[in-house]
Amino acid sequence: MERRMEWKRHISEQLKLRDRVQRHTFEEIIHQYHRLLEKSDLQTVLSERYQTDKYEVQRHEASQDPGRGEALQQEVAQMRIRHQEELTELHKKRGELAQSVIELNNQIQQKDKEIQTNEARMQEFQQQILSLEGDCRDLRTSLQDLERANQTLKDEYDALQITFSALEEKLRKTCEDNQELVSRWMAEKAQEANKLNAENEKDTRRRQAKLQKELADAAKEPLPLEGEDDIEVLAEDGGKGGGETSPSRLHGRTLSRRRSANSFGSPETTDAPPGSCTEVRVPSTALHTFEAHDGEVNAVRFSPGSRLLATGGMDRRVKLWEVVAGRCEPKGALTGSNAGITSIEFDSAGSYLLAASNDFASRIWTVDDFRLRHTLTGHSGKVLSARFLLDNARIVSGSYDRTLKLWDLRSKVCMKTVFAGSSCNDIVCTEQCVMSGHFDKKVRFWDIRAESIVRELELLGRVTSLDLNHDRTELLTCSRDDLLKIIDLRTNAVRQTFSAQGFKCGADWTRVTFSPDGSYVIGGSADGALYVWNVLTGQLERTLDRNHNSAINSVSWSPSGAFVVSVEKGSRAILWSDL
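Residues numbered from 1 in each chain as written. Predicted model: local features only at pLDDT ≥ 70, side-chain atom pairs only at ≥ 80, totals over all residues. Heavy atoms only, no water.

**Here's the deal with the overall build of the protein**
A count of helices and strands for the protein gives three helices and 28 strands. Out of the 579 residues belonging to the protein, those deemed buried represent 36%. Considering only intrachain contacts with a sequence separation of at least 6, the fraction spanning at least 24 residues in the protein is 47%. (Helix = DSSP H or I, 4+ residues; strand = E, 2+ residues; numbered from the N terminus. Buried < 20%, exposed > 50% of the residue type's maximum accessible area, 1.4 Å probe, protein only. Contact = heavy atoms within 4.5 Å.)

Next comes the structure, spelled out in structure tokens:
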């Protein structure tokens, strides 16, 4: 409001100043013009009077002196001419002054128009000022509302900050209580495991006592021998007669003969070591479909002798199955894990089983008595893969926490921890090198002794699976770009790439594998189909579908080459062969 009054005052002062400056000039011109008019009128009057006087004088003089009258006439004529010239000059000046007056009147009219224009603009500006003042009032009101809202939000923020601090303190105390409870829970689980192991030992002793009693009873009964029977009677040590036989040895031979007779198409004979690959059979038929776990099945692995099969699922159990007459018969369950199983591995002798779990730990059981021997904890994320090194005395584990850990089973401690930079989905090992597949699409090669990366190989998708052929010269990879690749470890180059119409990797932990002789690779698809490729030709050898109801998570080919087992995201597992 004050600024508007100052602006009006300034305009009024400017108009008054212009009136003072220009009014004096115009007044002077008009005054001079009026004086000239008066002089002109006076001259006219005087001229008429002089003319009258002149005629009278001339008449008087002419009547008295004719010669002098002529002289006066000449003088009067000259005076008339001079007055006429003066009159003409005055008329000229009068015209000029009239023209000046006209020009000044025009200027006055133009100035009046400018004043009117300026007044109209002033009115517009005043309207704009009024509008802007209204906008300013609205903005001040909005600003006040915003300030009140800001103050309210600030008060709420302070209250929330206080609440957050209280909750943070409560969380800290809860975490401390949780750690204490976890420690107590781990101790109770250890006690429970010890009780379970004790019960297993009691059960084993009972079975052994029962077996010894049955052997003693069997030794007392005479056994008829037929010509086709291949039971060999062995003499006891110490030079005793050949007619007596050892009950334990007799029973062992009998069990050996019966087992070989009951094995369905097993290549394990007396001429070949257990589990050796005599001939790889490309699977074509689903021999046995069975419910493996209560929920998703994540991992599957054959034992080195091909007789046992292990599966791991989200029900926190590792189950052992015996392959008998083309069927998988349940043999037992390994318990102790607190979360789903992600990976399974037998040692080279088939005596121990290693499993990785979602509870940040890896565990080792003995296969014979199902006893939990070791629990390896130290990762801060899910353990997605764990493998025995070739000496069976060390273990490498890879985790979602982007680290790899090397464990010594003799001292039961973590020897080394290596930060990989990305979540590790699978691991394979050679004598001095560990190969790991990662979420960042890279395969990393680690020197165990130097704890450093020897080299890296980047693929086109997240790496889900790694596998080595039988002589450990070629590495099979599977990635989320739905491609399987064979990498020659001698040249560090991709030697072959496999793909198929319809094949799609179903998860970040989908496992694929070589055949025992390295001639084929096999993998399961998201649509539940099983794909087999020929390594020599690079072509798709066979597709097995319409058996699984969901995506296949893992596949294992028996070391004997006779069987393949696939497990799915459902609860089923299928035993395959060409028979």
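**With respect to the sheet that holds strand S12 (residues 403-408)**
Across a sheet, paired strands are connected by hydrogen bonds in the backbone, their directions being either parallel or antiparallel. One open sheet accounts for four strands, arranged S10-S11-S12-S13; its pairing is antiparallel. Edge strands, defined here as strands with exactly one partner in the open sheet, are strand S10 (383-388) and strand S13 (413-419). With direction set aside, neighbouring strand axes in the sheet form an average angle of 20 degrees. Pairing analysis gives five bridges linking S10 to strand S11 (residues 394-399), with the strands arranged antiparallel. Each bridged residue has a counterpart across the sheet, and for Phe388 the counterpart in S11 is Ile395. (Pairing = 2+ DSSP bridges. Axes fitted to C-alpha atoms, helices over the stretch in contact; angles between N-to-C directions.)

**What about unusual backbone geometry?**
Positive phi outside glycine occurs at Ala325, with the angle close to 55 degrees. For Ala325, the location among the structural elements is in the loop between strand S4 (318-324) and strand S5 (327-334). Positive phi, close to 60 degrees, is recorded for Asn392, a residue that is not glycine. In this fold, Asn392 is placed in the loop between S10 and S11.

**Quick word on empty space enclosed by the protein**
Taken as a whole and assessed by the stated rule, the structure comprises three cavities of 30 Å³ or more. Put simply, the largest cavity is a space of about 140 Å³. Taken together, twelve residues make up the lining of the largest cavity; nearest its centre are Leu406, Val418, Val434, Trp446 and Ile448. Among the residues forming the lining of the largest cavity, the class breakdown is seven nonpolar, one polar and four charged. What the second largest cavity holds in volume is close to 60 Å³. Contributing to the lining of the second largest cavity are Tyr33, Leu36, Leu37, Ser40, Leu90, Arg94 and Leu97. Within the residue set of the lining of the second largest cavity, elements represented by two or more residues are helix H1 (2-64) and helix H2 (66-220). Take the lining of the second largest cavity: its biggest share by element is four residues, from H1. (1 Å grid on protein atoms, 1.4 Å probe; cavity = no way out; pocket = protein on both sides within 12 Å on 5 of 7 lines; lining within 4 Å. Points joined across faces, edges and corners; volume = space filled by probe spheres on them. Nonpolar A, V, L, I, M, F, W, Y, C, P; charged D, E, K, R; others polar.)

**So, the sheet that holds strand S8 (residues 361-366)**
Strands sit in the order S6-S7-S8-S9 across an open sheet of four strands; the sheet is antiparallel. Edge strands, defined here as strands with exactly one partner in the open sheet, are strand S6 (341-346) and strand S9 (371-377). Neighbour to neighbour, the strand axes of the sheet diverge by 20 degrees on average, direction disregarded. Alignment of strand S7 (residues 352-357) against S8, held across five bridges, turns out to be antiparallel. Within the sheet, the bridge partner assigned to Ala356 lies in S8 and is Ser362.

**Notes on the side chain of His379**
Counting through the fold element by element, His379 comes out in the loop between S9 and S10. When its relative accessible area of 7% is taken as the criterion, His379 is described as buried. A polar atom in the side chain of His379 sits 2.8 Å from the side chain of Ser397. In this structure the side chain of His379 is engaged in a polar contact, spanning 3.3 Å, whose partner is the side chain of Thr403. Once residues within four sequence positions are removed from consideration, His379 is found in contact with Phe360, Ser397, Ser399, Asp401, Thr403, Lys405 and Trp407. (Polar contact = N/O pair within 3.5 Å; in protein donor to acceptor, adjacent residues only side chain to side chain.)

**Details of the layout of surface pockets**
Estimated volume of the largest pocket: approximately 1000 Å³. What lines the largest pocket is a set of 40 residues, among which Arg301, Glu345, Asp467, Leu468 and Arg472 lie closest to the centre. Among the residues forming the lining of the largest pocket, the class breakdown is 19 nonpolar, 13 polar and eight charged.

**Observations concerning a nonpolar patch on the surface**
Taken together, the side chains of Val182, Trp185 and Met186 present a nonpolar region at the surface, about 250 Å² in accessible area. Mapped onto the fold, Val182 is located in helix H2. Note on Val182: relative accessible area 36%, which makes it partly exposed. (Patch = residues over 30% accessible without salt bridge, like charges linked within 9 Å, V, L, I, M, F, W, Y side chains within 5 Å. Areas by Shrake-Rupley, 256 points an atom, 1.4 Å probe, with all protein chains shown as cover. Salt bridge = Lys/Arg side-chain N within 4 Å of Asp/Glu carboxyl O.)

**What to know about the pattern of salt bridges**
Under the counting rule described, the total for this entry stands at 20 salt bridges. With its nearest N and O atoms 3.3 Å apart, the salt bridge here joins Arg462 to Asp508. Remark: Asp508 occurs in the loop between strand S21 (493-498) and strand S22 (513-514) and Arg462 occurs in the loop between strand S17 (452-458) and strand S18 (463-468); sequence separation between them is 46 residues. Of the residues examined, Arg462 reaches a relative accessible area of 28% and is grouped as partly exposed. Close ionic contact of Asp508 with Arg480 constitutes a salt bridge, the shortest N to O distance being 2.7 Å. Note that Asp508 is positioned in the loop between S21 and S22 and Arg480 in the loop between strand S19 (474-479) and strand S20 (483-488), a separation of 28 residues in sequence. A relative accessible area of 18% places Asp508 in the buried class. Here Arg480 falls in the partly exposed class, since its relative accessible area comes to 28%.

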